[in-house]
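Observations on chain architecture
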Amino acid sequence: MRYKKAYIDSLNLSDRQVESIFIYHQDYVIEAVKTKSTFMPEVWSQTFGRALKRNIIEAKIIHTHLGLTLPLKTFSVTPNTQTLEFAGLHGYNERSKHLLQHLQALKQALAHTRVMRIDIAIDFKHKIPKRVIEQLSQHREPFQYANTTYYKTAKEKKSNQRVDIKIYNKQIQAKLDYPLYRLEFVFKGSYFHKFALRELQSVYKKMEKSIYRTTGLSVKIEPIYGL
């Protein structure tokens, strides 16, 4: 059987006091944006291009020696844990390469953090195949938000805690000089049983099966080196 390659594009990792990993590390600097004594939402918006949501009760930015910025968030529903986000691991620029380097360098320190979200990217050099769209549309309705098309069941509506499925023009989003379309599955915390980063590969099969059932695509998720 011929498989389509799929890649991890984003990981959200949670634990108590994730920032302690970075406090005494010379390659990282922590900037407080929202704490009991600090509130600078404009810094967050300028750094990440999105507003600081109200359900984030504490927000910090991890600055790396390679010039990257990582969001570190504490949500109101989980006030005792911090969530670190690695977004854009499978890109087509230097930033993605550097982000992977940081994740690999931190794998030991982050080994026992809980995985809260995994974004799986499946890229096509031309438009998404018609058969995939037809399969998606059998039990889901598309709706457009900005430049992204989401596929939702009636039960899921616009928000759910298990899976989001979306399609967008990666060429426009990443300012590439060649055509590229992305089918993306966002697997969230409720989709998984509790597991740690060191167990990451144990959930690949489950995600691959979900992608096949939904789209008819047989995919193989490419492991991140060292994880």
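Remember, it's a predicted structure, so these values are computed and weren't measured experimentally. (Residues numbered from 1 in each chain as written. Predicted model: local features only at pLDDT ≥ 70, side-chain atom pairs only at ≥ 80, totals over all residues. Heavy atoms only, no water.)

Let us look at the overall build of the protein chain. Along its length, the protein chain carries 7 helices and 11 strands. Whereas a compact globule of 227 residues would reach a radius of gyration of roughly 17 Å, the protein chain reaches 18 Å, a difference of no more than 12%. In terms of overall dimensions, the protein chain has C-alpha extents of about 50 × 40 × 35 Å along its principal axes. Out of the 227 residues belonging to the protein chain, those deemed buried represent 46%. Long-range contacts, defined as pairs at least 24 residues apart, comprise 59% of the intrachain contacts of the protein chain with a sequence gap of at least 6. Accessible surface computed for the protein chain: about 13,100 Å², of which carbon and sulfur atoms make up 51%. (Helix = DSSP H or I, 4+ residues; strand = E, 2+ residues; numbered from the N terminus. Rg over C-alpha atoms; globule rule 2.2 N^0.38 Å. Buried < 20%, exposed > 50% of the residue type's maximum accessible area, 1.4 Å probe, protein only. Contact = heavy atoms within 4.5 Å. Areas by Shrake-Rupley, 256 points an atom, 1.4 Å probe, with all protein chains shown as cover.)

A few words now on the pattern of salt bridges. Scanning all chains against the criterion turns up 12 salt bridges. Between Arg140 and Glu156 there is a salt bridge, and its shortest N-O distance comes to 2.8 Å. Of this pair, Arg140 sits in the loop between α5 (130–136) and β7 (141–145) while Glu156 sits in the loop between β8 (148–152) and β9 (163–169); the two residues are 16 residues apart in sequence, bridging distant segments of the chain. Glu156 matches Arg140 in its accessibility class, with the two residues each being buried. Here Lys152 makes a salt bridge to Asp164, at a shortest N to O gap of 2.2 Å. Separated by 12 residues along the polypeptide, Lys152 in strand β8 and Asp164 in strand β9 bring together distant segments of the chain. Both residues of the pair, Lys152 and Asp164, count as buried. Put simply, Asp9, Asp123, Lys166, Arg182 and Glu184 are held in one network by salt bridges that share partners. (Salt bridge = Lys/Arg side-chain N within 4 Å of Asp/Glu carboxyl O.)

Let us now look at the nonpolar core. Ile8, Leu11, Phe86, Ile118, Ile120, Leu183 and Met207 are the most contacted members of the largest nonpolar core, which totals 47 residues. Discounting residues that sit within four places of it in the chain, Leu11 has contacts with Leu84, Glu85, Phe86, Leu89, Leu103, Val115, Arg117, Ile118, Leu197, Leu200 and Ile224. Judged by nonpolar contacts, the second largest core, of 8 residues, contains Trp44, Leu52, Ile56 and Ala59. (Core = buried A, V, L, I, M, F, W, Y, C linked by side-chain atoms within 4.5 Å.)

This part takes up helix α7 (residues 204–215). Here α7 contains 12 residues, and its C-alpha end-to-end distance of 16 Å stays within 8% of the 16 Å for a straight helix at 1.5 Å per residue. Those residues of α7 lying buried are Tyr204, Met207, Glu208, Ser210, Ile211, Thr214 and Thr215. Across the axial projection of α7, the buried residues extend over an arc of 160 degrees, all falling on one side. Across α7 from its buried face, at more than 90 degrees, point the exposed residues Lys205, Lys209 and Arg213. Along its buried surface, α7 packs onto β1 (4–15), β6 (114–124), α5, β9, β10 (181–188) and β11 (219–222). Just downstream of α7, Gly216 is the residue with a positive phi angle, here 80 degrees. (Expected span 1.5 Å × (residues − 1). Arc of directions from axis to C-beta.)

A few words on the packing of aromatic side chains. For the structure shown, the criterion picks out 9 aromatic pairs. Members of the aromatic cluster, joined through ring pairs, are Phe185, Phe187, Tyr191, Phe192 and Phe195. The ring of Phe124 has Lys4 lying over it, and the distance from NZ or CZ to the ring centre is 4.5 Å. A cation over an aromatic ring shows up here: Lys220 above the ring of Tyr3, its NZ or CZ 5.0 Å from the ring centre. (Phe/Tyr/Trp six-rings, centres within 6.5 Å; stacked < 30°, edge-to-face > 60°. Lys NZ or Arg CZ within 6 Å of the ring centre and 35° of its normal.)

A grouping of Arg162, Lys205, Lys206, Lys209 and Arg213 is seen on the molecular surface, where their side chains present a positively charged patch. Relative to the helices and strands, Arg162 resides in the loop between β8 and β9. Residue classification places Arg162 among the partly exposed positions, given a relative accessible area of 43%. (Patch = residues over 30% accessible without salt bridge, like charges linked within 9 Å, V, L, I, M, F, W, Y side chains within 5 Å. Lys, Arg positive; Asp, Glu negative; His and termini not counted. Charge placed at Lys NZ, Arg CZ, Asp CG, Glu CD.)

In short, shape yes, function no, at least from these values alone.
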